[in-house]
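Chain by chain, the residues run as shown.
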Amino acid sequence: MSSDVRFTDFKSDKQPTWCPGCGDFGTMNGMMKALAETGNDPDNTFVVAGIGCSGKIGTYMHSYALHGVHGRALPVGIGVKMANPELEVMVAGGDGDGYSIGAGHFVHAVRRNVDMSYVVMDNRIYGLTKGQASPTSREDFETATTPEGPKQPPVNPLALALASGATFIAQTFSSDSQRHTEVVRKAIEHDGFGFVNVYSPCVTFNDVDTYDYWRDSIVDLSEVDHDPTDYEAAQERIMTGDREHIGVIYQDEGSVPFEEREGLEDPMYEIPDGAPEDAMDLVREFY
Ligand SMILES: Cc1ncc(C[n+]2csc(CCOP(=O)(O)OP(=O)(O)O)c2C)c(N)n1
Ligand code: SF4
Ligand SMILES: [Mg+2]
């Protein structure tokens, strides 16, 4: 790790193919700034990306990276962190990747509480596949495949995280660069699974959840009376309040990451080669 790293060091030489104005530009810039501000550098950072427009982020960032299978970024990220806890692991993907095909992994990653961060670029649509409804789309959101809307209420990702035992729940808006960076930084610094849902507008396929909509509806928790360490207050904001809050909504200050709790902090490269003898005895018993 180095203290003179600039956020631009996290930019790869690949030119993003995101549409001009896509929210993912701001989301990615804030992630790079937060990584640099927390003393990380590309050599100790591993980005695992989902599949979707958002998933292209692993190509546009300069770090170790893996672009794998749709909905499977989180278990891969956990594996990377467990194999080498010295790495700063950041998983990033879309609302479809995380809350639809990957919803099961989301729940279990949250409850496992490994020390890593998870940034979801929530544009309330499947962008890459050209505009189908996603799990966070509104009930009446019309698309080519849901001409009368999905006709089912959207998933509330923050509630899902809270119900799964999350120790850090936050939300940001991609175009509020300063606040987004600050919150992602807190997620990185959190001792455990730092989850950030980012309102990251799709300017091509979503004409409802637009920049103007977010600007008009967002309530910044730093400007109201909210204590993120108060579980009931967080529950109230997430379950019954206006959903468009940004900031750290819940943080368990006593969080102990899974690997620390279970004494699994040694990197796998320090484990001697070859299976331990008693494990081999067990194998011999069965063949
Ligand atoms: C197993 C599998 N099923 C479906 C797809 C098709 N697919 C690719 S991206 C995507 C949805 C992406 O939506 P989201 O995660 O919200 O990302 P966005 O493009 O909006 O950033 C789907 C269904 C796939 N690649 N793999
Ligand atoms: S389709 Fe939407 S999400 Fe994908 S790059 Fe374009 S604006 Fe971004
Ligand atoms: Mg999406």
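Everything below is about the structure shown above.
Residues numbered from 1 in each chain as written. Chains lettered and ligands numbered in written order. Predicted model: local features only at pLDDT ≥ 70, side-chain atom pairs only at ≥ 80, totals over all residues.

(A) Spatial organisation of the overall build of the protein chain. Secondary structure assignment for the protein chain yields eleven helices and eight strands. Its C-alpha atoms give the protein chain a radius of gyration of 19 Å, within 12% of the compact-globule value 19 Å for 287 residues. C-alpha extents for the protein chain along the principal axes are approximately 60 × 40 × 40 Å. Residues classed as buried in the protein chain amount to 46% of the 287 residues present. (Helix = DSSP H or I, 4+ residues; strand = E, 2+ residues; numbered from the N terminus. Rg over C-alpha atoms; globule rule 2.2 N^0.38 Å. Buried ≥ 20, exposed ≤ 12 C-beta atoms within 10 Å, placed from the backbone.)

(B) Main features of the nonpolar core. In this structure, Val119, Ile169 and Phe195 are the most contacted members of the largest nonpolar core, which totals 59 residues. No other element matches helix 1 (residues 24-37), which puts six residues into this core. Judged by nonpolar contacts, the second largest core, of six residues, contains Cys22, Cys53, Ile125 and Cys202. (Core = buried A, V, L, I, M, F, W, Y, C linked by C-beta atoms within 7 Å.)

(C) Quick peek at the site of ligand 1. Surveying the vicinity of ligand 1 reveals 19 residues, the closest of which are Gly52, Ser54, Gly94, Gly96 and Gly127. Looking at the shell around ligand 1, the elements that each hand over two or more residues are strand 3 (88-94) and helix 4 (95-101). When residues of the shell around ligand 1 are assigned to their parent elements, the largest contribution, three residues, is made by helix 4. Of the residues assigned to the shell around ligand 1, the class counts are six nonpolar, eleven polar and two charged. (Near = placed C-beta within 6 Å. Nonpolar A, V, L, I, M, F, W, Y, C, P; charged D, E, K, R; others polar.)

(D) Fine view of the site of ligand 2. Contacts to ligand 2 come from Trp18, Cys19, Cys22, Asp24, Cys53, Asn123, Gly127, Cys202, Val203, Thr204 and Phe205. When grouped by side-chain class, the residues that make up the shell around ligand 2 number seven nonpolar, three polar and one charged.

(E) Local environment of the sheet that holds strand 4 (residues 116-122). Across the sheet, eight strands lie side by side as 2-1-3-4-6-5-8-7; this open sheet has mixed pairing. Looking at which strands have only one partner, the edges of the open sheet turn out to be strand 2 (64-67) and strand 7 (219-220). Pairing between strand 7 and strand 8 (residues 245-251): two bridges, direction parallel. Looking at strand 8, one finds that valine 219 is bridged to histidine 245. Helix 1 rests against strand 1 (45-49), strand 3, strand 4 and strand 6 (193-199) of the sheet, and its axis sits at about 165° to strand 4. (Pairing = 2+ DSSP bridges. Contact = placed C-beta atoms within 7 Å. Axes fitted to C-alpha atoms, helices over the stretch in contact; angles between N-to-C directions.)

(F) Region of interest: unusual backbone geometry. For asparagine 113, which is not glycine, the phi dihedral falls at a positive 60°. Note that asparagine 113 resides in the loop between helix 5 (103-112) and strand 4. Assessed through the 24 C-beta atoms surrounding it within 10 Å, asparagine 113 is described here as buried. Despite not being glycine, lysine 130 has its phi angle at roughly 75°, a positive value. For lysine 130, the location among the structural elements is in the loop between strand 4 and helix 6 (157-163).

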